[in-house]
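Inside the fold
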Amino acid sequence: MDCTTYIERYLDAHVDGELGAVEAGAVEQHLKGCANCRLLYAEERAVKALVHERARRYQTPAQVRGSILAALDAVDSAAGNRERPQRTRRAALSALRSARLWIPTAAAAAAVIAFVIFHGGGVPPAGAVPAFDVAIARYQHFDAHFEPNVPSASPADISDAYLGHKMPGLLWNLQPSGYRLVGGRLDRLSDGSLAAFTFYRGEGSSILCAFMKAHGMQLPQGATQTVGGHSYYSYKGYRVCMSYYPRGDFICVMVSRNTMPHFVQDILGTSL
Ligand SMILES: [Zn+2]
């Protein structure tokens, strides 16, 4: 099974738990080897959970989904996409990657929990990973003193600022894990590319989320585990979580000093 077949033909039924045994086997097989489709599945589940949660409170599911998709289209047009947005599931889902969605981690966790893959001993990546080094250097600096250059600490404003600079506007909601959103920064890296840094502080620990251009970077070997498209590493005394966002070719690198189980738990907002 390839990605297109999975997305076009099976994703819907998979999310709804309506696959037959043979199809389910083929789907599991594909997702095992495909981080992007795992991420897609997790996001679709999260959106579905979000839609259901909001619908339960004040609208019909169709209205909520319609307004979410309309918001995604607006994001596309705002990003200067001259082509008419294709109203395919794939277009909607890839738009989601840069959408201003404050996905509750609990909902995301429920979606990804089935895809915890342990890679055994967790051998650290061989050699340096420049993207990790950049994120860790910032983390050390920000942990001592974080000064935002986005002039607001509200998730929506930070997301808007990132989107305004063609960066992904996706922020984690780490509140359920006890982390406060401190603020956001947009900075040029030494190669001239833009990076978005979002800093969170909790009781005794903090988390930095850095969005950077992937520039063809692959996931490094040596992840201790992969959960829903996010790969976790122990690197130079830090915990690092990396995910790839195909839309715009971005990577998200999250850094913490916490222990690995706590870090994974912080990000999922729930216990494994
Ligand atoms: Zn795939």
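All of the points below concern the structure found in this document. Here the structure is a predicted model, which means the values were calculated and not measured. (Residues numbered from 1 in each chain as written. Predicted model: local features only at pLDDT ≥ 70, side-chain atom pairs only at ≥ 80, totals over all residues.)

**Observations regarding the overall build of the protein**
Summing up its helical and strand segments, the protein has nine helices and eight strands in all. Taken across its 272 residues, the protein has 39% of its residues classed as buried. (Helix = DSSP H or I, 4+ residues; strand = E, 2+ residues; numbered from the N terminus. Buried ≥ 20, exposed ≤ 12 C-beta atoms within 10 Å, placed from the backbone.)

**Considering helix α8 (residues 155-164)**
Those residues of α8 not exposed but buried are Ile158, Ser159, Ala161 and Tyr162. For α8, the arc enclosing every buried residue in end-on projection is 160°, short of the 170-degree limit, so these residues lie on one face. Its buried side turned inward, α8 meets β2 (180-188) and β3 (194-201). Directly beyond the C-terminal end of α8, a positive phi value near 60° is found at lysine 166. (Arc of directions from axis to C-beta. Contact = placed C-beta atoms within 7 Å.)

**Some thoughts on the nonpolar core**
Ranked by size, the top nonpolar core spans 46 residues in total, and within it Ala135, Leu208, Ala210, Val240, Val253 and Met254 carry the most contacts. When contributions to this core are tallied by element, the ones reaching two or more residues are α7 (130-144), α8, β3, β4 (206-213), β6 (230-235), β7 (238-245), β8 (250-256) and α9 (260-268). Contacts of alanine 135, omitting those with residues within four sequence positions, involve Leu208, Ala210, Val253 and Val255. (Core = buried A, V, L, I, M, F, W, Y, C linked by C-beta atoms within 7 Å.)

**Some words on the pairing of β4**
Along a regular strand, successive side chains alternate from one face of the sheet to the other. Among the eight residues of β4, seven are classified as buried, and the element is accordingly described as predominantly covered. Where β3 and β4 come together, six bridges link them in antiparallel fashion. Within β4, the residue paired with threonine 198 across the bridge is cysteine 209. In textbook terms, the turn of a hairpin is the stretch between consecutive antiparallel strands, and for β3 and β4 this stretch comprises four residues, one of which, glycine 204, has a positive phi near 75°. Looking at chain direction, β4 and β8 are connected through seven bridges and run antiparallel. (Pairing = 2+ DSSP bridges.)

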